Amino acid sequence: MRKLFMFNLITLDGYFAEPDGGLDWHNVDAEFGDFAEEQLSEIGTLLFGRKTYEMMAEFWSSEEVKADDERTATPMNALPKVVVSHKPLSVNWENSQRLEGDLVTGIQALKAEDGKDIALFGSANLATSLIEAKLIDEFRILVNPIVLGAGQPLFQNLQQPLHLELIASRTFKSGNVLLTYKPKN
Amino acid sequence: MANIIATEYITLDGVMEAPNKWSFDFWSEDSAAFKYQELFASGSLLLGRETYTGFAAAWPTMEGTGDFGERMNSLPKYVVSTTLEKAEWNNSHIIKENVLEELKKLKETEKEDILLCGSAQLFRSLMEANLIDEYRLMLHPVVVGTGKRLFTEDVSRKSFSLIKTQTFSGGIVVLTYQPK
């Protein structure tokens, strides 16, 4: 059984992206780069909702980004990707496939496979479904020291409150704080 | 000279409303000690009408609150409201007009921290006016889904410097920031 964890950079007002999806507020530096590289080395599968998948595909496929941030771009492009989408994928990104059939059964099967962890980035709608199905084993929230005023909330339309247990906290020199939680039972 | 310190209970989805409904599960001795030290390091409370009204109805008669309760009741309270006629909780003062000017004066004359608690609307006005010197966000490990949020869509983009991170045994994390 492998772990499914969610990882996001969020603002103090709880957004993971600007209203138009913009991420230029990401407070990243070399220390973050080291962290991201290490985290990627523990990932066997990337899981996405359709919108985040399309955005990430475009971003990480760009030659400019590949050259600028090779150590993140190389694994992001190479890792197997599973996409939850109601319609066939319109964007081709290497090593991607659409999850077939029922969501819960499909994710359970993916978790039952051998290998490194499954990571969910962004994908707020999918995250809501997975939280409600109790399929997320760990929440990694990197709080950036900024208020945006408007944006896309990370946690959306949950029908029940979600209670978590803090398992780790790490402060970065940049002012980011990584908070790691697991669901409380 | 005194600083305005904003201390806020919030959830992971940014809700600040009705902490009595979601904060108790995470309370622990170390987080209580933090609130105690904070209150005793402050010389006055700064409150908006709603938070003031809630506090004024509860604190004077609440039992078993010890010297924390005594200090809540004895400290000077500054209430910002254009509509409140009377503020009967012990040692309360209403600020009705020229709020920003009055608060700037207060920062000049007070000696100890002025503690802004809850009061989300006042919090946002003072944040926009750059009158808050320190922000303490007590992040509770819960997503509640609904309720009034501390930061609403009328605030403008702003960056902060992280001063301190404190974690408590019940899972609360206090993130302390100063304006950049």
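Report follows, based on the coordinates. Owing to the predicted nature of the structure, the values given are computational and were not obtained by experimental measurement.

For chain B, the count of helices and strands is five helices and nine strands. Counting from the amino terminus, helix and strand elements in chain B follow one another as β-α-β-α-α-β-β-α-β-α-β-β-β-β. Counting only C-alpha atoms, chain B reaches 40 × 40 × 30 Å along its principal axes. Here chain B, with 180 residues, has 51% of them falling under the buried criterion.

Once that is clear, we can look at the sheet that holds strand β8 (residues 146-147) of chain A. Pairing is mixed across the open sheet formed by nine strands, whose spatial order is β8(A)-β8(B)-β9(B)-β6(B)-β1(B)-β5(B)-β2(B)-β3(B)-β4(B). The strands lining the two open edges of the sheet, one partner per strand, are β8 of chain A together with β4 (92-95) of chain B. Relative to strand β3 (residues 77-80) of chain B, strand β2 (residues 42-48) of chain B is paired through four bridges, and the arrangement is parallel. Residue pairing for β3(B): Leu46(B) is matched across the bridge by Tyr78(B). Contacts between helix α4 (residues 99-109) of chain B and the sheet are confined to β1 (4-11), β2, β3, β4 and β5 (113-117) of chain B, with β4(B) contributing the most and set at about 135° to the helix. The strands touched by helix α5 (residues 120-128) of chain B within the sheet are β1, β2, β3, β5, β6 (134-140) and β8 (158-167) of chain B, with β2(B) carrying the most contacts at an inclination of about 110°.

We now examine unusual backbone geometry. For Ser123(A), which is not glycine, the phi torsion reads 55° and is therefore positive. Judged by its relative accessible area of 4%, Ser123(A) falls in the buried class.

Attention now moves to the side chain of Ser119(B). Residue and element names in this part refer to chain B. Along the chain, Ser119 falls in the loop between β5 and α5. With relative accessibility at 5%, the residue Ser119 sits in the buried group. Reaching out from Ser119, the side chain makes a polar contact with the backbone nitrogen of Gly48 at a distance of 2.9 Å. Ignoring any residue separated from it by four or fewer positions in sequence, one finds Ser119 in contact with Met16, Leu46, Leu47, Gly48 and Thr51.

All names here are of chain B. With respect to the helices and strands, the residue Ser23 is situated in the loop between β1 and α1 (29-40). The exposure class of Ser23 is buried, given its relative accessible area of 4%. If we skip the residues at most four places from it in the chain, Ser23 touches Tyr9 and His140.

Attention shifts here to the packing of helix α2 (residues 50-61) of chain A against helix α4 (residues 70-78) of chain A. All names here are of chain A. Put simply, α2 and α4 touch, their axes get as near as 10 Å, and they point 130° apart. Classified by the interaxial angle, the pair formed by α2 and α4 is oblique. The way α2 lies across α4 gives a crossing that is left-handed. For the pair α2 and α4, the contacting residues are Met56, Trp60 and Ser61 in the first and Thr72, Ala73, Met76 and Asn77 in the second. Partitioned by chemical class, the residues of the contact of α2 with α4 number four nonpolar, three polar and no charged.

Cut-offs and rules
- Residues numbered from 1 in each chain as written.
- Chains lettered and ligands numbered in written order.
- Predicted model: local features only at pLDDT ≥ 70, side-chain atom pairs only at ≥ 80, totals over all residues.
- Heavy atoms only, no water.
- Helix = DSSP H or I, 4+ residues; strand = E, 2+ residues; numbered from the N terminus.
- Buried < 20%, exposed > 50% of the residue type's maximum accessible area, 1.4 Å probe, protein only.
- Pairing = 2+ DSSP bridges.
- Contact = heavy atoms within 4.5 Å.
- Axes fitted to C-alpha atoms, helices over the stretch in contact; angles between N-to-C directions.
- Polar contact = N/O pair within 3.5 Å; in protein donor to acceptor, adjacent residues only side chain to side chain.
- Parallel < 35°, antiparallel > 145°, perpendicular 65-115°, else oblique.
- Left-handed = near helix turned anticlockwise from the far one by under 90°.
- Nonpolar A, V, L, I, M, F, W, Y, C, P; charged D, E, K, R; others polar.

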